[in-house]
Amino acid sequence: MMKRIIAATLGLSALLSTAVAQQPVKIGFITTLSGPIGYVGVDMRDVFQLAVDLEGGKLGGVPVQLIVEDDGLKPGQGKQIADKMLKSDGIKLFSGIIFSNVLAATVPDILDAGAIYVSANAAPSTFAGKECHKNYYVVSWQNDNLHESAGQNATSLDYKRAYILAPNYQAGKDALAGFKRFFKGEIIGETYTRIDQTDYAPEMAQIRAAKPDVVFHFHPGGLGIAFARQYQQAGLLGTIPMVVPSPSLDTTILKAIGEAAIGTNSSTHWHVDFDNPANQKFLAAWVKKFGPDRTPTYYAGQAYDTALAIGAALKATGGEFSDTGRFRTAMLKADFESIRGPFKFNNNQHPIQDWYATAVEKAPDGKPFIKTGAKILTSHGDAYAKDCKL
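Figured I'd write up the structure that's included with this text. (Residues numbered from 1 in each chain as written. Predicted model: local features only at pLDDT ≥ 70, side-chain atom pairs only at ≥ 80, totals over all residues. Heavy atoms only, no water.)

What about the pairing of strand S1 (residues 25-31)?
Just so we agree on the cut-off: Exposure categories follow from relative accessible area, calculated using a 1.4 Å probe and restricted to protein chains: below 20% of the type maximum is buried, above 50% is exposed, and the middle band is partly exposed. A helix here means a DSSP run of H or I that spans at least four residues, while a strand means a run of E at least two residues long, and both kinds are numbered starting from the N terminus. Here, any two strands with at least 2 DSSP bridges between them count as paired.
Judged by how many residues are buried, S1 sits mostly within the fold: 6 of 7 residues are covered. The pairing of S1 with strand S3 (residues 62-70) spans 7 bridges and is classified as parallel. Looking at S3, one finds that Ile 27 is bridged to Leu 66.

Have a look at this one:
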């Protein structure tokens, strides 16, 4: 009788353990879904969910639940969402923030609560050096890297005199610092625009007066569309070429400005034309889910890689977060097949990766498209890793 009771008790315990194990890991996905940059958040949310759906509701074999909230590009709103997710929803794993000012207001509370943040986009310099944190990971890039690649690209294209512009917030400051770090020519003009600016007439006049060899600008999403259109309307496009980072010329921006973008030089860590098995698998899944007319932005590409990186760590830990050290060990192995090719984490838990020149060309059907060219930076890390003492 006692044996049957013990067996029944053990059986119930096993069932309860299985039930607990099957509870999905909640991932708090705070992103921007509204306003002129909203399409970026939609791409990131949709592709992250795609990665989950491809595994039947799992990442790395662990059931997960994606909980998405719109920060509205408001730092205070992002902070409030994180507080709710931490205290009310008991979430221990976060991702999704697009803008560095939102990240700066939100992520410290996440880290102070002992939770984990894995960035699929924003990666300000302020979190990459002395203030690096063991529970903070970046799969996209460190902010400066985007613009270092543009600076190297402008140097390789033999431009000598540059006028540079970016919005006046942390990512904009990182943008201009990154470009200047790798551009070997002279900076003859430097302007910070407003983060909510839509009229760039004064800047167009300043560029015209300065007569640079090239213009570098960092304006993501709707800001980039407005800037590019007004640059064309001001008659500058045919006289002063632009070398830009990928946020200033993603596939959505290209569709909006059309043939006016032909000849524009850019740079990126990933593009849809990358020829590797992981990328081909991703694109096939994307087309099956969203159709051939919706082209993934590079934001989608790095968000997909972020989901894969989290999945690899969940697989190794079984989704257990009581010991974040185990998750960290697993995460830093980067045991996933990145769609961008070679990828590993630096000592500050930011990427080391390759960067490529791209240019807008005209396809046989007459439509403009972005074509990947030569590699311009190999196994490139960031300037702040040396100050990180993890």
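From this point, things continue past the structure.
Some points on the sheet that holds strand S7 (residues 161-167)
Put simply, the rule is: All axes here are fitted lines through C-alpha atoms, helices being fitted over the stretch that makes contact, and every angle between N-to-C directions spans 0 to 180 degrees.
Read across the sheet, 3 strands follow the order S8-S7-S9 without closing on themselves; strand pairing throughout is parallel. For this open sheet the edge positions go to strand S8 (186-193) and strand S9 (214-217), each flanked by a neighbour on one side alone. Adjacent strand axes in the sheet meet at a mean angle of 20°, parallel and antiparallel pairs treated alike. Inspection of the sheet shows S7 paired to S9 by 4 bridges, in the parallel sense.

A look at unusual backbone geometry
The phi torsion of most residues other than glycine is negative, and most of the peptide bonds are trans. Of note, Leu 73 is a non-glycine position whose phi angle comes to about 60°, a positive value. Mapped onto the fold, Leu 73 is located in the loop between S3 and helix H3 (75-87). What makes Leu 73 partly exposed here is its relative accessible area of 26%.

Some details on the state of the cysteines
Basically, it comes down to this: Pairs of cysteine sulfur atoms within 2.5 Å are identified as disulfides in what follows.
Evaluated as defined, the whole model comprises 1 disulfide. Disulfide partner of Cys 132: Cys 388, at an S-S distance of 2.1 Å. Taking the sign of the torsion about the S-S bond as the criterion, the disulfide between Cys 132 and Cys 388, at about 95°, is right-handed. Of the two residues, Cys 132 is situated in the loop between strand S5 (116-119) and strand S6 (136-138) and Cys 388 in the segment after strand S13 (368-380); the sequence distance between them amounts to 256 residues. Judged by relative accessible area, which is 13%, Cys 132 ranks as buried.

A look at the pairing of strand S12 (residues 351-362)
The element S12 is largely enclosed, with a buried count of 10 among its 12 residues. Taken together, the 4 bridges between strand S10 (residues 265-268) and S12 define a ladder with antiparallel strand orientation. Counted as the bridge partner of Asn 265 is Ala 359 from S12. Direction of pairing for strand S11 (residues 343-345) relative to S12: antiparallel, over a ladder of 3 bridges. In the strand pairing of S12, Lys 344 is matched with Ile 352. In textbook terms, the turn of a hairpin is the stretch between consecutive antiparallel strands, and for S11 and S12 this stretch comprises 5 residues, one of which, Gln 349, has a positive phi near 65°. Here 8 bridges tie S12 to S13, and the two strands are oriented antiparallel to one another. When the bridges of S13 are listed, Val 360 appears paired with Ile 370.

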